[in-house]
Amino acid sequence: MDIELITTLFRTSIRMATPILLASLGGALTYHAGIINVAMEGLMLISAFFSVVFSYLTGSAFYGIIAGVVASMLISLLYSVFVSFLKANNFAIGFAINILISSLTLFLMRVMFQGKNAFNSPDIASIMELKVKTGNYFLDNYLLNFSILTYLSIAIAFLLAYIIYKTSFGLRLRVCGEMPQALTAAGIKVGVIQLWASILCGGLCGLAGAQLSLYNVRMFSRDMTGGRGFVALAAILISGGKPKRVLFISLLFGLFDALSVKLQNEKIAPQFALMLPYIMSVVVLLLFHLKTRKQYGKA
Amino acid sequence: MIGTRTLSFRKLLLSLLLVLCILSIWALIIWFGGESPFKGFRYIIEGSLGNHYQFLSTLNKMVPLILAAAAVAVPAWTGMWNIGGEGQLLLGAFGAALVGFSIDFGVGLVNIVVALIVSAAFGMAWAAWPAFFKIKLRMDEVVTTLMGNYIAAQLIAYLINNPFRDPRSPLAQTPYIKSSFVIPYLFEGSQFSATFFVAIGMVLVLFIFRKRFITGYEFDITGSNPVFAGLSGIRVKKTKLLSMLIGGALAGLAGGLLVLGMTQRVMQSFSPGYGFTGLLICLLAFNDPLLIVGIAFLFSALQTGSVNLQLFTSVPAEISGVLQAVMVLFVAAFKTFIVGRREG
Amino acid sequence: MFQILVCKRVSKTYPNGLEALREVSFEVRKGEIHAIVGENGAGKSTLMNILFGLIKPTSGEILFNNNHFSPKHPSEAIDLGIGMVHQHFKLVQSITVAENIVLGMENRFQSKLRRVDREAMNESVASLIDRLRMSISPDDRIDSLPISKRQQVEILKVLYREADFVILDEPTAVLAPNEVEDFLEFVRGIREMGKTVIFISHRLGEVFSLADRITILRRGNVIGTFDKRDVDRESVANMMIGTATDLSEDPPDCLGNESVLSVEGISDVSGTIRDLSFQLREGEILGFAGVGGNGQEELFEALAGSLRLVSGDIRLVGSSISSLDTLERRRAGLALITDDRMGKGLAPDRSIVENCMAGHHKFGKFGKWLIKDTDARSFTESIVADYDVRCGKNIKTAVRALSGGNMQKLLVGREIAYEPVVLVAAQPTAGVDVAARKLIHDSFRRLVKTGSGVILISGDLEEIMGLANRIIVLYRGRAVTEMTHPHYDPTEISYYMTGIRGAQDDRYSHS
């Protein structure tokens, strides 16, 4: 096989995997806290929007990311208040938030930029890459020159593994999901733990959205997250919320995204290429369930 | 019984407060869109209810919304989440179009009934695989039905671009259905048709099914406590599967009615998100069929009204989606205060 | 003597109108073991939840250590030195003993980089375990421990927090008879440490052996607080229930000859029940005794048809039902009273009518397609009347609003309404007041008179000995012994229940 082809595929995979990884790491936190987070789609979308807006207005990708993260955290906070304190159904609120953000971003885009379905401008600053040219082909293409958020996301994966399994917060987080009454009995407010998990999740989904709109495409378009929040959810369900497994599964999903991009230039109908990531996430989930069923015997 | 009276008085007060809250946040959003709230509300009300034509248009827009909401509600009765209404609706629309441009039985009513049955069957088929995976492998149906939407969208895009593309049209779309399949408009100058009564009829059927039929009772018990249902001899998996299939069929029917009653073909961006609006409606209606009609009317009025708003002001019509979703969140928040949280 | 806790006219009315406590007043002295007794629904749980800050009282005042006391959250109660051991374990299965005990305070063991120092944590727990001369390792995962050890962990949790005021909510319900004495001794030890104990129990024997003073609750009212020496079991029971009750029962006497149910060598996939065989005759009540977790649930599920068997056969009146599902088994004449009424036996959010109809609707009692409302109503009303289900005459009430005893009577009534050939009843009177218990027992007696058989799976030895014609003891999924009325010996049975006898072939036995 062509080495250039493999290199492109690898780099695209990493690029596409980064937002999925960031979002599913965030969702893993709420998963451990006992909330199946279906609002990640909306969190990524709101961040993608505000990242673009602020990057455009300030000319700085950094401020763009900050704005995206803050917006995502605020919405996540709202989600958490509903789910943890008002005891509303997390699916119902999650989807209400997703739909709200889908129409809100569209509404704001029309009001602020008179754009139709997308907003782009050369003034939108892109996220920096770790630009180093060593001259070594492998190093330059396989280890260096990715978005700084890519490196950050991998570091976060290991950091979360430490937090969840080694620290006091992690212990409380896991108990929160497995047996919240035990936390209450120990005098710890379940809602507070879930609130923190949600805020952190919001932050990570915010980074994911920023990576999407300030690096992967550098524009905002209607519903541009395209179900990635749910691909991330599939990754969490498959990995059981274990950060290192999440890392692996996200890379796999990134690969399918990359293949999709690659295949669109080939002879087959582009619709099938576009379908691929969604079909594959269902297939991987299916394989996972077939495997666990074999392990535990038929129920 | 002073206790209960003060309690219901409190409920009334809270409900009024809720309406006030929603109206003021709506006003704020309209103001942000660049129009004075009072004018904005006037344009919305005039645009949806102002005259005979606009009122019919509002009623007509309710058809897919009612059915898409019912497609979420029926599975919800047994505890299943059908987020795949959008995809099921697309498949249903394609099924109706496929019958409509390729077959002819000679009798208009037979044609229409067959096309609608096929649309329901297509929608049902698209709900079948997530339901099957759920009951066989406990695969999360939220993820699978949602992924199904994206897959269906691409699948339909492929079908109308390639094998079933209308050769005479410059656009990617199926051929028009034969005239004997068209459900005719009932009034001059309006797209309002008998499809509205089909949707209302379906809701009534569902209402009676849930309240009066043994199977409807089993749906409710299964949703309320599946373990108990199983121990009572209800076949829980079958019941869940059935509810999901009915849900898919309802969404498919929505697509079929849209094709036969309005668009007469399936084209690119056929659905502006009926499935998700249906989900919102269902959430607001707490899965109740009769409430769905009421909420669907409100949502439909917001949509037609917002188009009018855009016509006369700088406020984009997309505002309707924001207004709808905000309402769902407010109602969800207030619900805990009105109904009361469980203690203990 | 110093009154550590004073309740003054405390009332609690729930939003659904249920009056759980009515101007309850009583005092607890420092350093005593104070028993609170009452039927289910008498308000004990509500009272304890108020003391622990889980529920707010509607009115009244509480003084704790002479200070006004109204905790808004359990953490406030804990800070004041109140510890509560719940009826249902609140232990986290997948983490260790030490983590469970220390949970909430584990941040004290955080070393650099916020890592929890496992060794320091285990050590601090081990020192407490040693002081109480218990044999638990801090590093064991909870899911690897037997029930009685879990109970101890639950109490260690409270003591670790240096609670001075310990509330024990029906702690002996899950223990085997021979474990109870040890446990009571352990509680006396806690008193000797100078701590005050509130002990909630249905079992008057234990109460009299342990408590210094007894407060009696009946339907939300305090009947009185008595020194143990001033009252006896019978008078306390009378004050609890309000009428004189006969505490001793004898099994019914209507044994037939035909076998209605025969179970031949059944085992399940996980090996929780192993090679179980027995016969049930018409008119017989067959009791299964055992400590919780020795295969009772699996036996129930095997009979109900929700557990996959790897071997053996179940025959109902001669024909095999092993391959039938729950519905087909019910059609063949089986009725099932589950031990988990809220989780499996009822749909708590649904009305009484809907709960009564469930299952019966499969027999065409209310129509084949359309529900005949009048039939459903009259059917429900007859169950509500026959079983004295107190619901304020409103059968549209959600089941959740009923008290535990009334829920159980509803459940029992519904199952007996099948007129089953065989009734399988698991813990039919667990957590139920004495009056309801008697009503349920009487309904079993009436049922067997018609020639039906009853399988009675129960952890309550008194119940089994008073009701069953024959007792099989389950230990680690096997039938270890069988006894026939009137040759019952509770001490002997408890030896079998705990594996001291009859488990010689078991690799776990220590003899």
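Residues numbered from 1 in each chain as written. Chains lettered and ligands numbered in written order. Predicted model: local features only at pLDDT ≥ 70, side-chain atom pairs only at ≥ 80, totals over all residues.

Attention now goes to the overall build of chain C. Scanning chain C from terminus to terminus reveals 17 helices and 20 strands. Here chain C has a C-alpha radius of gyration of 24 Å; the compact-globule value for 511 residues is 24 Å, and the two agree. Its C-alpha atoms give chain C principal-axis dimensions of about 65 × 55 × 50 Å. The buried share among the 511 residues of chain C stands at 46%. Taking all contacts inside chain C whose residues are at least 6 apart in sequence as the whole, residues at least 24 apart take part in 68%. (Helix = DSSP H or I, 4+ residues; strand = E, 2+ residues; numbered from the N terminus. Rg over C-alpha atoms; globule rule 2.2 N^0.38 Å. Buried ≥ 20, exposed ≤ 12 C-beta atoms within 10 Å, placed from the backbone. Contact = placed C-beta atoms within 7 Å.)

To continue, consider the overall build of chain B. A count of helical and extended segments in chain B gives 13 helices and zero strands. Listed by position from the N terminus, the elements making up chain B come as α-α-α-α-α-α-α-α-α-α-α-α-α. Taking 2.2 N^0.38 as the reference for a compact globule, 344 residues should give roughly 20 Å; the C-alpha atoms of chain B span a radius of gyration of 21 Å, in line with that estimate. A total of 344 residues make up chain B; the buried ones form 54% of that total. Of the contacts made within chain B by residues no fewer than 6 positions apart, 78% connect residues no fewer than 24 positions apart.

This paragraph deals with the packing of helix H4 (residues 85-102) of chain B against helix H11 (residues 274-284) of chain B. Residue and element names in this part refer to chain B. Axis separation between H4 and H11 bottoms out at 7 Å; the angle between their running directions is 130°. As the angle between them shows, H4 and H11 are arranged oblique. As for the relative orientation of H4 and H11, their crossing is right-handed in sense. Counted together, Gly85, Glu86 and Leu89 of H4 and Tyr274, Gly275, Phe276, Gly278 and Leu279 of H11 form the full contact between these two elements. (Axes fitted to C-alpha atoms, helices over the stretch in contact; angles between N-to-C directions. Parallel < 35°, antiparallel > 145°, perpendicular 65-115°, else oblique. Left-handed = near helix turned anticlockwise from the far one by under 90°.)

What follows covers the nonpolar core. In this structure, A:Ala96, B:Ile66, B:Leu67, B:Ala69, B:Ala70 and B:Ile292 are the most contacted members of the largest nonpolar core, which totals 279 residues. Membership of the second largest hydrophobic core comes to 83 residues, among which are C:Met357, C:Ile416, C:Ala425 and C:Leu474. (Core = buried A, V, L, I, M, F, W, Y, C linked by C-beta atoms within 7 Å.)

Here we take up the interface of chain A and chain B. On the chain B side, the residues contacting the 37 residues of chain A number 38 residues. Counting only elements with at least two residues in the side of chain A that touches chain B, the list comes to helix H4 (90-113), helix H10 (228-239) and helix H12 (270-296) of chain A. When the residues that make up the side of chain A that touches chain B are grouped by side-chain class, the tally is 29 nonpolar, five polar and three charged. (Nonpolar A, V, L, I, M, F, W, Y, C, P; charged D, E, K, R; others polar.)

Pairing between the strands of a sheet comes from backbone hydrogen bonds, and it takes one of two forms, parallel or antiparallel. Residue and element names in this part refer to chain C. Spatial strand order, S12-S11-S14-S15: four strands in an open sheet with antiparallel pairing. Of all strands in the sheet, those bounded by a partner on one side alone are strand S12 (276-281) and strand S15 (319-320). Where strand S11 (residues 259-268) meets strand S14 (residues 309-316), six bridges bridge the pair, whose relative direction is antiparallel. The residue of S14 that forms the bridge with Ser267 is Ser311. In the packing of helix H9 (residues 296-304) onto the sheet, the strands contacted are S11, S12 and S14, and the crossing angle to S11 comes to about 120°. (Pairing = 2+ DSSP bridges.)

If you look at the interface, chain B gives 18 residues, while chain C gives 29 residues. Among the elements of the structure, helix H8 (214-224) and helix H9 (226-231) of chain B are those that each provide at least two residues to the side of chain B that touches chain C. Taken together, the residues of the side of chain B that touches chain C sort by class into seven nonpolar, eight polar and three charged.

Residues and elements named next belong to chain C. In space, the four strands of this open sheet follow the order S2-S1-S4-S5, with antiparallel pairing throughout. The sheet is open, and its two borders are formed by strand S2 (19-29) and strand S5 (67-68), each paired with just one other strand. Packed on one face of the sheet, helix H1 (residues 44-51) meets strand S1 (3-13) and S2 and runs near 65° to S2.

Residue and element names in this part refer to chain C. Across seven bridges, S1 lies against S2 in antiparallel orientation. By the bridge assignment, Thr13 is partnered in S2 with Glu19. Examined bridge by bridge, S1 and strand S4 (residues 59-64) share five bridges and lie antiparallel to one another. The partner of Cys7 across the bridge, within S4, is Ile62.

Let us now look at helix H3 (residues 61-85) of chain A. With 25 residues, H3(A) extends 35 Å between its outermost C-alpha atoms, agreeing within 8% with the 36 Å of an ideal straight helix rising 1.5 Å per residue. A:Lys87 sits one or two residues past H3(A) and shows a positive phi near 55°. (Expected span 1.5 Å × (residues − 1).)

Next up on the list: helix H17 (residues 490-497) of chain C. Looking only at H17(C), the buried set comprises C:Ile493, C:Ser494, C:Tyr496 and C:Met497. Seen end-on, H17(C) carries its buried residues on one side only, within an arc spanning 155°. (Arc of directions from axis to C-beta.)

Below, the discussion takes up the confidence of the model for chain C. Averaged over all residues, the pLDDT of chain C equals 86, while 93% of them reach at least 70. Here residues 504-511 of chain C is modelled with pLDDT under 50, and outside its nearest four sequence neighbours on either side it reaches six contacts, counting other chains as well. (pLDDT = per-residue confidence, 0-100.)

Bringing the packing of helix H2 (residues 37-49) of chain B against helix H3 (residues 52-77) of chain B into the picture now. Residue and element names in this part refer to chain B. The geometry of H2 relative to H3 is characterised by a closest axis approach of 5 Å and an angle of 85° between their N-to-C directions. By the angle between their directions, the pair H2 and H3 is classed as roughly perpendicular. Here Gly47, Ser48 and Leu49 of H2 lie close against H3, whose contacting residues are Gln54, Phe55 and Thr58. Across the contact of H2 with H3, the residue classes break down as two nonpolar, four polar and no charged.

To continue, consider the confidence of the model for chain B. All names here are of chain B. Within chain B, residue pLDDT values average 92, and 96% of them lie at 70 or more. Within chain B, the element-level pLDDT minimum falls on helix H1 (residues 2-33), averaging 81, and the maximum on helix H10 (residues 236-263), averaging 97. Considering only residues more than four positions removed or in separate chains, one finds that residues 1-5, a stretch of pLDDT under 50, has one contact.

With that settled, the discussion passes to the pairing of strand S18 (residues 453-457) of chain C. Residues and elements named next belong to chain C. Among the five residues that make up S18, five are buried, leaving the element largely enclosed by the rest of the structure. Inspection of the sheet shows strand S13 (residues 285-289) paired to S18 by four bridges, in the parallel sense. What sits directly across from Gly287, in S18, is Leu456. With five bridges joining them, strand S17 (residues 422-426) and S18 adopt parallel strand pairing. Bridging from a neighbouring strand, Val422 pairs with Gly453 of S18.

The residue C:Glu462 is located in helix H16 (residues 461-467) in this model. A residue is classified by how many C-beta atoms lie within 10 Å of it, and C:Glu462, with 15 of them, is partly exposed.

Moving on to unusual backbone geometry. The step from C:His485 to C:Pro486 runs through a cis peptide bond, and the omega angle for that step is 5°. Residue position: C:Pro486 is located in the loop between strand S20 (478-484) and H17. Even without a glycine there, the phi angle at A:Lys87 is positive, about 55°. With respect to the helices and strands, the residue A:Lys87 is situated in the loop between H3 and H4. Residue classification places A:Lys87 among the partly exposed positions, given that 13 C-beta atoms sit within 10 Å.

On to the environment of C:Phe26, then. All names here are of chain C. Relative to the elements of secondary structure, Phe26 occurs in strand S2. Each C-alpha atom of the pair Phe26 and Ile216 lies 10.0 Å from the other, and the pair is 190 residues apart in sequence. In this structure Phe26 touches Cys7, Thr215, Val222 and Thr225, once residues within four positions along its chain are discounted.

Looking now at the environment of C:Val158. Residues and elements named next belong to chain C. Inspection of the secondary structure puts Val158 in helix H5 (residues 147-160). Residues Val158 and Gln93, spaced 65 residues apart in sequence, show a C-alpha to C-alpha distance of 18 Å. Each residue touching Val158, except ones within four places of it in the same chain, is listed here: Gly83, Met84, Val85, Ala163 and Val166.

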